[in-house]
There are 2 protein chains.
Amino acid sequence: MASPSPPPPSERATVRRVAYRASYDRDVAHAILDEGFVAHVGITTDDGPVVIPTLYVRDGDRLLIHGSAASRLLRSAAAGTPVCVTVTLIDGLVLARSAFHHSVNYRSVVIFGQAQKIDDVDERRAALDVIVEGLVPGRISQPRAPRRPSEKELKATTVLALPLDELSVKVRDGNAIDEQEDYDLDVWAGVIPLTLAPGEPIPDPLVTELPPIPSYARNYSRV
Amino acid sequence: MASPSPPPPSERATVRRVAYRASYDRDVAHAILDEGFVAHVGITTDDGPVVIPTLYVRDGDRLLIHGSAASRLLRSAAAGTPVCVTVTLIDGLVLARSAFHHSVNYRSVVIFGQAQKIDDVDERRAALDVIVEGLVPGRISQPRAPRRPSEKELKATTVLALPLDELSVKVRDGNAIDEQEDYDLDVWAGVIPLTLAPGEPIPDPLVTELPPIPSYARNYSRV
């Protein structure tokens, strides 16, 4: 990672293992968060830890998470339960000459904090627009945008904001790093790149008279 | 999901929200776990929940997780701390006619339990072979396999086994489900498929005399 990186924001957000791959740089974190859209949210319950996948979108210095107002996870997080929210992007498999040095290229962000429920209705409407546009750039901002939430739908939707204050980034990239004496081995070494790749959009088969596939769906890209 | 599905294995593993998308079928869970290879492991600490991404491979009725013997997460899990391990595969973005009904197609498995450290050295060697072969099918079983762990490398590696007893599966697939009155709207609806797609393998640039790219790397596939 580029140095100088800011210091860790807290004790619990300090990366201990392979610390040279860690960063606490806000811009680095934001770039990773903007490429991803699925987070794993951890909370502590009476029954132990629970980790649930959820959609998210970054909105400035906060992460927006939404879901059903009936969700236990969201209700617990809205009540101020500490959360740990982790986003991981997989970039490739690293094949080394030794089993030991096999690895994975990835970028991850681990965020600690407490989420706040967005109670104000207008703010919630705006946040939901940010979420849809964040997940599918163009979906709200381009023509033929989807119908916005009704009063009833708004009531059924909880939106949480988690401050992006206390976080760490970890990145592994590049080639295999083998023991010096292993470079002579007759073993292929290298990286198999992996990307979450979009396919050809599949129009809803229930309706024959659909508008054409929008370019933001045909050329779906988050970066 | 196909019915009949077995009943939930425990209270905490019971899916509450949108329960018709849930399953407790072991074969369904195994198929998802075999396609993925990154899990998010949650534990409870004095500082609150922590969620860390890690590689895993399924080995029969258990999940194998490995890492540095110095890892706090692994040491904590090896000591019997309850864990929640979640695996999520992203299959697509679902664009509905209303913002509210936008969704994501995914398959996830949430596992609760306590992991056991594999202390026996031969068992650990075998488990590490299963892990490398599981991550890159062919890497151990085909010619030019990587060098196996030395004594020192084995000592530096912790391998944990988590029983696949207490788990739930959740799957969302198929098309957008809109409100009846919205089907007339002039809004494109459909699915943007997403897959973790392998690219062209990148041979290690440090060495000019590499063996040819193995077919399991060139045609990387987990399913």
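Here the structure is a predicted model, which means the values were calculated and not measured. (Residues numbered from 1 in each chain as written. Chains lettered and ligands numbered in written order. Predicted model: local features only at pLDDT ≥ 70, side-chain atom pairs only at ≥ 80, totals over all residues. Heavy atoms only, no water.)

A. Seen up close, the overall build of chain A. Tallying secondary structure elements over chain A gives five helices and 11 strands in all. Expressed as lengths along the three principal axes of its C-alpha atoms, the size of chain A is roughly 65 × 45 × 35 Å. For chain A, the share of sequence-separated contacts (at least 6 apart) that also reach a separation of at least 24 residues comes to 70%. As presented, chain A carries roughly 10000 Å² of accessible surface, and 52% of it is formed by carbon and sulfur atoms. For chain A, the distance from the average position of its 24 positive side-chain charges to the average position of its 30 negative side-chain charges is 6 Å. (Helix = DSSP H or I, 4+ residues; strand = E, 2+ residues; numbered from the N terminus. Contact = heavy atoms within 4.5 Å. Areas by Shrake-Rupley, 256 points an atom, 1.4 Å probe, with all protein chains shown as cover. Lys, Arg positive; Asp, Glu negative; His and termini not counted. Charge placed at Lys NZ, Arg CZ, Asp CG, Glu CD.)

B. Spotlight on the interface of chain B and chain A. Facing the 89 residues of chain B at the interface are 89 residues of chain A. Carbon and sulfur atoms supply 66% of the area buried between chain B and chain A, which totals about 7400 Å² over both sides. Where chain B packs against chain A, one counts six salt bridges. The salt bridge partner of R147 of chain A is D182 of chain B, with a shortest N-O separation of 2.7 Å. On the surface where chain B and chain A come into contact, there are 34 residue pairs in polar contact (both at pLDDT 80 or more). Put simply, the parts of the chain that give the side of chain B that touches chain A at least two residues each are β2 (38–45), β3 (48–59), β5 (83–95), β6 (103–113), α3 (121–135), β10 (190–198), β11 (202–203) and α5 (215–218) of chain B. The element contributing the most residues to the side of chain B that touches chain A is β10 of chain B, with nine residues. Residues of the side of chain B that touches chain A, tallied by class, amount to 56 nonpolar, 18 polar and 15 charged. Bridge count for strand β11 (residues 202–203) of chain A against β10 of chain B is two bridges, and the pairing is antiparallel. In the strand pairing of β10 of chain B, P203 of chain A is matched with G190 of chain B. (Buried area = accessible area lost by both parts, 1.4 Å probe. Salt bridge = Lys/Arg side-chain N within 4 Å of Asp/Glu carboxyl O. Polar contact = N/O pair within 3.5 Å; in protein donor to acceptor, adjacent residues only side chain to side chain. Nonpolar A, V, L, I, M, F, W, Y, C, P; charged D, E, K, R; others polar. Pairing = 2+ DSSP bridges.)

C. Structural detail: the relation of the copies chain B and chain A. Superposition record for chain B on chain A: RMSD 0.0 Å, screw rotation 180 degrees, translation along axis 0.0 Å. Taken together, the rotation and translation describe the operation of a two-fold axis. For chain B, the residue whose C-alpha comes nearest the rotation axis is L196 of chain B, separated from it by 2.1 Å. The overlap is high: 100% of the interface residues of chain B also sit at the interface in chain A, so the same surface is used on both sides. (Least-squares fit on C-alpha atoms with pLDDT ≥ 70 in both.)

D. Main features of the pairing of strand β9 (residues 166–172) of chain B. Residue and element names in this part refer to chain B. Burial runs high along β9: seven of the seven residues are buried. Alternating positions in β9 separate into two faces, E166, S168, K170 and R172 on one and L167, V169 and V171 on the other, with burial throughout. Sheet topology places strand β1 (residues 22–23) next to β9; two bridges connect them, and they run antiparallel. By the bridge assignment for β9, A22 is matched with K170. Note: β6 against β9, seven bridges, orientation antiparallel. Bridging from a neighbouring strand, F112 pairs with E166 of β9. (Buried < 20%, exposed > 50% of the residue type's maximum accessible area, 1.4 Å probe, protein only.)

E. Up close: empty space enclosed by the protein. Residues and elements named next belong to chain A. Scanning the entire structure with this criterion turns up four cavities of 30 Å³ or more. Taken as a whole, the largest cavity holds about 70 Å³ of empty space. Taken together, V41, I65, L73, L74, A77, V83, V85, A115, L160 and L162 make up the lining of the largest cavity. Listing elements by their share of the lining of the largest cavity, those giving two or more residues are α2 (72–78), β5 (83–95) and β8 (157–163). Among the elements that make up the lining of the largest cavity, the one with the highest residue count is α2 (three residues). (1 Å grid on protein atoms, 1.4 Å probe; cavity = no way out; pocket = protein on both sides within 12 Å on 5 of 7 lines; lining within 4 Å. Points joined across faces, edges and corners; volume = space filled by probe spheres on them.)

F. Representation of the nonpolar core within the structure. Residues V85 and I111 of chain A together with V85 and I111 of chain B are the most contacted members of the largest nonpolar core, which totals 62 residues. Discounting residues that sit within four places of it in the chain, V85 of chain A has contacts with A39, H40, V41, L63, I65, V109, V110, I111 and L162 of chain A. (Core = buried A, V, L, I, M, F, W, Y, C linked by side-chain atoms within 4.5 Å.)

G. Seen up close, the environment of L160 of chain B. Within the element layout of this structure, L160 of chain B appears in strand β8 (residues 157–163). Distance from L160 of chain B to P49 of chain B, taken between C-alpha atoms, is 20 Å for residues 111 residues apart in sequence.

H. Structural view of the side chain of T88 of chain A. With respect to the helices, strands and loops of the structure, T88 of chain A is situated in strand β5. A residue is classified by how much of its surface remains accessible, and T88 of chain A, at 16% relative accessible area, is buried. In this structure the side chain of T88 of chain A is engaged in a polar contact, spanning 2.7 Å, whose partner is the side chain of H40 of chain B. Among all residues touching T88 of chain A, those that are not within four sequence positions of it are R107 and S108 of chain A together with H40 and P53 of chain B.

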